[in-house]
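An overview of the molecular structure
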Amino acid sequence: MGYVFDVKTNPGLDVRRIKVENGCYEVYAIDAKGAKVETIFNPQTGEPVGSEGAE
């Protein structure tokens, strides 16, 4: 599958934490403007399935 969250394809994000919750990967980061961002990924496909924060 490769990396679930590739920092190269998400410039300007400072990843602070990655954890597994309810069977999905949750990536917590700070965007270039200083806003908190949370993105949830399907562990089977690596596709994002939800997010909170800056878009």
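1. Brief notes about the environment of Ile-40
Structurally, Ile-40 is set in strand 3 (residues 36-41). Ile-40 sits in the partly exposed class, given a relative accessible area of 22%. A C-alpha to C-alpha distance of 9.1 Å links Ile-40 and Glu-21, two positions 19 residues apart in sequence. The contacts of Ile-40, once residues within four sequence positions are left out, are Cys-24, Tyr-25, Glu-26, Glu-47, Pro-48, Val-49 and Gly-50.

2. Focus on the side chain of Glu-38
Assignment of secondary structure puts Glu-38 in strand 3. Residues in contact with Glu-38, not counting those within four places in the same chain, are Glu-26, Val-27, Tyr-28, Gly-50, Ser-51 and Glu-52.

3. Considering the pairing of strand 3
Relative to strand 3, strand 2 (residues 24-30) runs antiparallel, the two being bridged by six bridges. Bridged to Glu-26 within strand 3 is Ile-40. Where strand 2 folds back on strand 3, the antiparallel hairpin that results is connected by five residues, among which Gly-34 adopts a positive phi of roughly 90 degrees.

4. Here's the deal with unusual backbone geometry
The residue Asn-22 is not glycine, and still its phi comes out positive at about 55 degrees. Here Asn-22 is to be found in the loop between strand 1 (14-21) and strand 2.

Thresholds applied
- Residues numbered from 1 in each chain as written.
- Predicted model: local features only at pLDDT ≥ 70, side-chain atom pairs only at ≥ 80, totals over all residues.
- Heavy atoms only, no water.
- Helix = DSSP H or I, 4+ residues; strand = E, 2+ residues; numbered from the N terminus.
- Buried < 20%, exposed > 50% of the residue type's maximum accessible area, 1.4 Å probe, protein only.
- Contact = heavy atoms within 4.5 Å.
- Pairing = 2+ DSSP bridges.

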